Amino acid sequence: MSIAMNNAPPKVLDLQQIFTWLLNDGTVDRNEVKAFYTQAQGIFRNAPVAIHPLSAVAQCKRNSMLPPHRAITLEWLTEWLARQVHMPFYRIDPLKIDFAKVADVMSASYATRFNILPVELSATDLVIATAEPFRVEWQAEIAKITRRNIRLVIANPLDITQYITQFFTLAKSIKSAHKSGGQELALRNNFEQLVELGKTNKQVDANDQHIVNIVDWLWQYAFEQRASDIHMEPKRDFSAIRFRIDGVLHQVYQVPAVVMIAMTARIKLLGRMDVIEKRRPQDGRIKTRTAGGQEIELRLSTLPTAFGEKLVMRIFDPEVVVKTLPELGFPTDDALRWDALTKRPHGIILVTGPTGSGKTTTLYTTLKALATSEVNVCSVEDPIEMVEASFNQMQVSHGIDLTFADGVRALMRQDPDIIMVGEIRDLETAEMAIQAALTGHLVLSTLHTNDAPSAVMRLLELGVPYYLLETTLIGIMAQRLVRTLCSFCKSPDGQVADDVWATLVETWNLPKPATVYHPVGCPECRQTGYRGRTGLYELLTITQPFSKMIQAETDIHALKKQSIADGMKPLRLAGALKVLEGVTTVEEVLKVTSALT
């Protein structure tokens, strides 16, 4: 039977029709189809709650008989179904859907009844996602109500069910919070009390519950989308929510300004911050869990702006500290050199780079590996990025004049073996770190410089005597993060111009590759061509010739030349090697690294 027949009566997609198609196109072997069908039928009938027939087929965990014999997953089946019924396949991306607008098209109960989800709305067209291509009795009614052309697309049935709940619930919460709390919140004198109710055991006000729902949604979306930061930015009329994913900010949604005020207040309460104080920046932290039960830490930072408080939440995944150095992007030889450095009994090791370059991740991963039962690992941080049980962490507190230098001074009396100083910002902290190294401790810290050799100049500028650096400094590493090419869609037919490659490799004799991978874009990477990030590392081991060059009037160019002679691979060279491996692109490397001068 042709599934495109217009005169066919409406029906629901069933297992029999699915297996007929699977058999006809050769996906399932004729000798196995009966056993496969029986298994799927058993799953479908015995499911504790009603499931879509495609889900039952996917749960059988079979492979296609057609090359390359891919697993028959629900995502694969959804794309396959779209081809069978000659409809477009649609992967639902919540970051690209204005759910408040599409939720106005129909009620949540109506969408649930037919398992359909509006995903795009324009002046003339309405795109609706479905997993039931034959069940279209609702189509004429929606077309008449909305006065738009209905375009059907096929989407994953589990995604449709999930986002029906999330989109309609969230849209209702935002509208209710705006409508019920608009006048009071606009005055900015009553919303603190509104959110405060959610902190007590009293009966929760309806408006407060709406705000709770919106904040819960915000975090869950951020976790699902692999965001590293959440930005809540107040504007004149509406406030913007943006996620940083793989180093790039993405617009997520706009909420009414009064709703953003209440969201910020609730998050500040949970982060143990002063809700009433909006005139000065504040810091806080929240520990929560993902839907899968994984612990996540959020570091909060507020900033007074022209239109209100801007709130940024940095998301830390504790699982990152259990990664190995190669998983962070370390080349094998650099990983061995870094391990040798961190096993030294005393001295100072510095990690340099701009904010967001992965310095903290590198230090935590290193300390986690060093923190055995035989050693005492202590840290002083501002603030504590991630709470880790395997070492002792102290937080700087400027309110009581507890500085980095004071923290190191206190740690020195705690019988430490290894000390991590969050950042060397001033001469006093640098002197305490050096004192700790001189008395037989291994000290790790961070510094803000553009490359590894410049760290020496920075410490000299702070006023550290050169002879102390000469005796205590044992290693410096600069690092950057570059986006990695999406493994699902990267293409090997790219080219790189001779002059561009020469700029990248500079004086090193790296042959230009005949082809390089370039980004294409697919649903897995949100059409960016990149998915995830990896590190570029410039590791300088302090040798005797280099140490002798550390003088009061040190020449930075001479230091850089000597560091390369000692085996340091500059960041650009590290990036070029990643390009040769097909990990990233020339453009990404040039964007985050500077030429050797």
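Residues numbered from 1 in each chain as written. Predicted model: local features only at pLDDT ≥ 70, side-chain atom pairs only at ≥ 80, totals over all residues. Heavy atoms only, no water.

The name given to the protein chain in an unreviewed UniProt entry is Type II secretory pathway, and the organism recorded there is Collimonas arenae. According to UniProt, the comment filed for the protein chain under the heading Sequence similarities (unreviewed entry) is "Belongs to the GSP E family." (UniProt positions renumbered as here; feature names shortened; annotations may be inferred.)

Along the chain, proline 67 connects to proline 68 via a cis peptide bond; the corresponding omega equals 5°. Here proline 68 is to be found in the loop between helix 3 (53–58) and helix 4 (74–84). One non-glycine residue, histidine 69, adopts positive backbone phi at about 60°. Looking at the element boundaries, histidine 69 is found in the loop between helix 3 and helix 4. (Helix = DSSP H or I, 4+ residues; strand = E, 2+ residues; numbered from the N terminus.)

This brings us to the pairing of strand 6 (residues 248–256). Relative to strand 6, strand 5 (residues 238–245) runs antiparallel, the two sharing eight bridges. Paired with phenylalanine 238 across the two strands is proline 256, which belongs to strand 6. Counting the residues in the hairpin turn of strand 5 and strand 6 gives two residues, including aspartate 246, whose phi is positive at 55°. (Pairing = 2+ DSSP bridges.)

Side chains that are nonpolar tend, in soluble globular proteins, to be buried together. Within the largest apolar cluster, 68 residues are counted, with the highest numbers of intra-cluster contacts made by Trp217, Ile230, Ile241, Phe243 and Met263. Looking at which domains feed residues into this core, each of domain 2 (99–178) and domain 3 (226–316) supplies at least three. Not counting the four nearest positions on each side in its chain, tryptophan 217 is found in contact with Phe99, Leu170, Ile241, Val252 and Tyr253. If you look at the next biggest cluster of nonpolar residues, it comprises 42 residues, including Leu350, Val443, Ala478 and Phe546. (Core = buried A, V, L, I, M, F, W, Y, C linked by side-chain atoms within 4.5 Å. Buried < 20%, exposed > 50% of the residue type's maximum accessible area, 1.4 Å probe, protein only. Domains from an automatic or database assignment. Contact = heavy atoms within 4.5 Å.)

What holds strands together in a sheet is hydrogen bonding between their backbones, with the strands either parallel or antiparallel. With mixed pairing, three strands are arranged side by side in an open sheet as 1-2-3. Since the sheet does not close on itself, it has two edges, and those belong to strand 1 (116–121) and strand 3 (149–154), each with one partner. Between one strand axis and the next, the sheet turns by 30° as a mean value, whatever way the strands run. Here strand 2 (residues 125–130) runs beside strand 3; their pairing, made up of six bridges, is parallel. If you follow isoleucine 128 over to strand 3, its bridge partner there is leucine 152. (Axes fitted to C-alpha atoms, helices over the stretch in contact; angles between N-to-C directions.)

Once their charged atoms are close, side chains differing in charge can pair, the charge on each being opposite to the other. The tally for this structure, following the rule as stated, stands at 26 salt bridges. Across the pair glutamate 524 and arginine 91 runs a salt bridge, and its minimum N-O distance is 3.5 Å. Residue glutamate 524 is found in the loop between strand 17 (516–518) and strand 18 (530–541), and its partner arginine 91 is found in the loop between helix 4 and helix 5 (99–102); the two are separated by 433 residues along the sequence. As a salt-bridge pair, aspartate 382 and arginine 425 come within 3.1 Å of each other at their nearest N and O atoms. (Salt bridge = Lys/Arg side-chain N within 4 Å of Asp/Glu carboxyl O.)

The seven strands are arranged 12-11-13-14-10-15-18 in an open sheet whose pairing can be described as mixed. Bordering the open sheet on either side are strand 12 (392–395) and strand 18, each of which pairs with just one other strand. Strand-to-strand twist across the sheet, computed as the mean angle between neighbouring axes with direction ignored, equals 20°. As judged from the six bridges shared by strand 10 (residues 347–352) and strand 14 (residues 442–447), these two strands associate in the parallel manner. Paired with isoleucine 348 across the two strands is valine 443, which belongs to strand 14. Across the sheet, helix 16 (residues 427–438) lies against strand 10, strand 13 (418–421) and strand 14, angled at about 135° from strand 10, the strand it touches most.

This next bit is on the packing of helix 19 (residues 498–505) against helix 22 (residues 571–580). At a minimum axis distance of 8 Å, the contact between helix 19 and helix 22 shows a crossing angle of 130°. By the angle between their axes, helix 19 is oblique relative to helix 22. Facing Trp501, Thr503, Leu504 and Val505 of helix 19, the residues of helix 22 in contact are Arg572, Ala576, Val579 and Leu580. By residue class, the composition of the contact of helix 19 with helix 22 is six nonpolar, one polar and one charged. (Parallel < 35°, antiparallel > 145°, perpendicular 65-115°, else oblique. Nonpolar A, V, L, I, M, F, W, Y, C, P; charged D, E, K, R; others polar.)

Here we take up the environment of arginine 409. Counting through the fold element by element, arginine 409 comes out in helix 15 (residues 404–411). A residue is classified by how much of its surface remains accessible, and arginine 409, at 31% relative accessible area, is partly exposed. Between the alpha carbons of arginine 409 and glutamine 435 there is a distance of 9.3 Å; along the sequence they are 26 residues apart. A polar contact of 3.4 Å, which involves the side chain of arginine 409, links it to the side chain of glutamate 428. (Polar contact = N/O pair within 3.5 Å; in protein donor to acceptor, adjacent residues only side chain to side chain.)

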